[in-house]
Amino acid sequence: MVAGALLESEVVGMLADEGLRALEGEAGVVAVASGYHGPGDRGGGVFVWEDAPSANDDGTFIAYGVPYGSNVAGPGWRRQTDGGALDSAWFGALGDYDPNTATGGDYDTAALQRALDALNSAGPRWALEIPDGIYKVTSTLQLRTGQVLRGRGAPILWGVAVDSIIRIGTLSPALISDAVRISDLTLLGSGTCALDVYAAADCSAERIYIGGTFTYGVRSHIIAGLGGVAYNCRFEFLRFSYQAGRYPFASPAVPTNGVHIQGAWTATQLRVDWFAVPNYSVYMDQVDPAGIASLSLQGMIQGAGFSGGTGIGVELRGAVRARIRDLYCENNATYDVNLVDCFATRVTSSEVIVRERGCTGTVVDQVMALDSDTTCKGTVVLGGMSTGA
């Protein structure tokens, strides 16, 4: 090897980012890097030089002389893979953040977003895996159509005063993201929201554990010209809680609200498993009159009776054809299920007390009790329970 050039295959004692980026090769030459930022940090690998220019993505292709974060095309080094998932470590994410000392994690946010961006060119069958570690997130990670994001082991994405850790759908321009899949992740830290659903169709989020001082755990809200939309989506086995002793750092508390929905959630399923959310565990306000809000909800909500908290398990306002089934609620300070101005909503097979106001066509069957006022029309009560006004 001569300075600045690799003329034959060699195990390079340098790193993928600092070394290969500054190293020119020849067609077919193979280089083996020991790491990305440091030896053994899981970001190294086998690379082959390509003369044909390709866009730099800082992970699967490192273009010669192109700085990190730039998409400029050039000749460079192609990472050799087995055709499986992309690994966030390939793009420089270390997962070395320490919440107790607020140190580490310097590369994580940029690397995670670079890895997600690389999925757009990797092909529809690719996924991004995040291995064990605590990853510092200082700005929203944007997921787009067809992207799959999953944890390997028990990774934690730790938001630091972020608007949201993960966002599905784009705000500018306002676009719907289709077929996004998120699974097996823990979202902790601080900010406005852990998971933001701007506009999603045929998407899913499964086995997501959420804690931290967020205002909302999951949020969907109105976008100008588009509306907050979730169509034919599945959000399953979501848990908002903090288990003492699970992590070697101080408790990050729990979000103030669980799921806060504004807009149209159509043919969408929500399966919940929450503990100790101070205000609303699930709140839905259908504020888009052109939309049809339908929601299938099931799971467990255990309120903690927080002092000063709203203490409502589920509140649906203006929901159309919502379905609540197999829901268990306890210790909510105010209501288990509060229905306001809803149409054709059904609550069945649930250990809850239902309160309805201004509703039409409500069906309650096999629930603990119903509190309904005279403004409700067409309420059908099945399966003997106590009722009151």
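Model, not experiment: these values are computed from the prediction.

Q: Residues and numbers for the pairing of strand β30 (residues 353–357), please.
A: Within β30, four of the five residues are buried, which leaves the element mostly enclosed by the surrounding structure. When β30 meets strand β32 (residues 369–372), the two strands line up parallel, connected through four bridges. Residue V354 lies in a different strand from β32, and its bridge partner there is L370.

Q: Pulling in residues and values, what's your account of the pattern of salt bridges?
A: Note on pairing: side chains with opposite charge can pair once their charged atoms come close. Enumeration according to the criterion identifies 20 salt bridges in this entry. For R150, the salt bridge is made with E129, and the minimal N-O distance between the two is 2.9 Å. Here the residue R150 occupies a position in strand β12 (residues 148–152), and E129 occupies one in strand β9 (residues 128–131), the gap between them amounting to 21 residues. Taking the relative accessible area as the measure of exposure, R150 reaches 29% and is therefore partly exposed. Taking the shortest distance from any N to any O, the salt bridge between R219 and D196 comes out at 2.5 Å. Here R219, found in strand β18 (residues 213–220), pairs with D196, found in strand β15 (residues 181–197); they are 23 residues apart in sequence, far enough to count as distant. With a relative accessible area of 0%, D196 lands in the buried category.

Q: Please set out the environment of V282 residue by residue, giving values where relevant.
A: Within the secondary structure layout, V282 lies in strand β24 (residues 280–285). On a C-alpha basis, the gap between V282 and V218 in space is 9.3 Å, while along the polypeptide they are 64 residues apart.

Q: With reference to specific residues and values, describe the packing of aromatic side chains.
A: For any pair of aromatic rings, the description rests on two quantities: the centre-to-centre distance and the angle between the ring planes. One pass over the structure, following the stated rule, counts two aromatic pairs. With a centroid separation of 6.2 Å and 65 degrees between ring planes, the pair formed by W49 and Y64 is classed as edge-to-face. Of this pair, W49 sits in strand β5 (residues 45–55) while Y64 is found in the loop between β6 (61–63) and β7 (73–79), placing the two residues 15 residues apart along the sequence. We classify W49 as buried; its relative accessible area is 3%. Take Y64: its relative accessible area is 33%, and that puts it in the partly exposed class. When the centroid spacing of 5.1 Å and the interplanar angle of 75 degrees are considered together, the rings of W49 and W77 count as edge-to-face. Of this pair, W49 sits in strand β5 while W77 sits in strand β7, and the two are 28 residues apart along the sequence.

Q: Kindly report on the side chain of R79, identifying the contributing residues and their values.
A: Note that R79 resides in strand β7. In this structure R79 is buried but unpaired, with D57 as the nearest side chain of opposite charge at 7.4 Å. Side-chain polar atoms of R79 contact the backbone oxygen of G43, separated by 3.1 Å. Of the polar contacts made by the side chain of R79, one reaches the backbone oxygen of G59; its length is 2.9 Å.

Q: Tell me about the side chain of S54, and please be specific about residues and values.
A: Of note, S54 is situated in strand β5. A relative accessible area of 19% places S54 in the buried class. Among the polar contacts made by the side chain of S54, one reaches the side chain of R78 at a distance of 3.1 Å.

Q: So what's going on with the sheet that holds strand β14 (residues 177–178)? Which residues, and what values?
A: Within a sheet, neighbouring strands are paired by backbone hydrogen bonds and run either parallel or antiparallel to one another. Judged by pairing direction, the sheet is parallel, and its four strands sit side by side in the order β14-β16-β19-β22 without closing on themselves. In this open sheet, the two strands that pair with only one neighbour each are β14 and β22 (264–266). Relative to strand β16 (residues 199–201), β14 runs parallel, the two being bridged by two bridges. Bridged to D178 within β16 is A201.

Each value, and the rule that gives it
- Residue positions within a chain follow its written sequence, with the count starting from 1.
- Where local features are concerned, this predicted model is filtered to residues with pLDDT of at least 70; where side-chain atom pairs are given and counted, the filter is 80 or more; whole-chain, interface and lining totals use all residues.
- Heavy atoms throughout the structure, all of them, feed into the side-chain values; hydrogens and water do not.
- Here's how the labels work: a residue is buried when its accessible area is under 20% of the maximum for its type, exposed when over 50%, partly exposed in between, all with a 1.4 Å probe on protein chains only.
- Only DSSP runs of H or I reaching four residues or more are called helices, and only runs of E reaching two or more are called strands; each is numbered from the N terminus.
- Pairing between two strands is assigned when DSSP locates at least 2 bridges connecting them.
- A pairing counts as a salt bridge when a side-chain nitrogen of Lys or Arg comes within 4 Å of a carboxyl oxygen of Asp or Glu.
- Any two of the Phe, Tyr and Trp rings considered here, Trp counted by its six-membered ring, make a pair once their centres fall within 6.5 Å; the pair's planes then place it as stacked at under 30 degrees, edge-to-face at over 60, or tilted in between.
- Note on charges: Lys and Arg go in the positive column, Asp and Glu in the negative column, and His and the chain ends are not counted at all.
- Two N or O atoms form a polar contact when they lie within 3.5 Å of each other; inside protein one atom must be a possible hydrogen donor and the other a possible acceptor, and for residues adjacent in sequence the pair counts only when both atoms belong to side chains.

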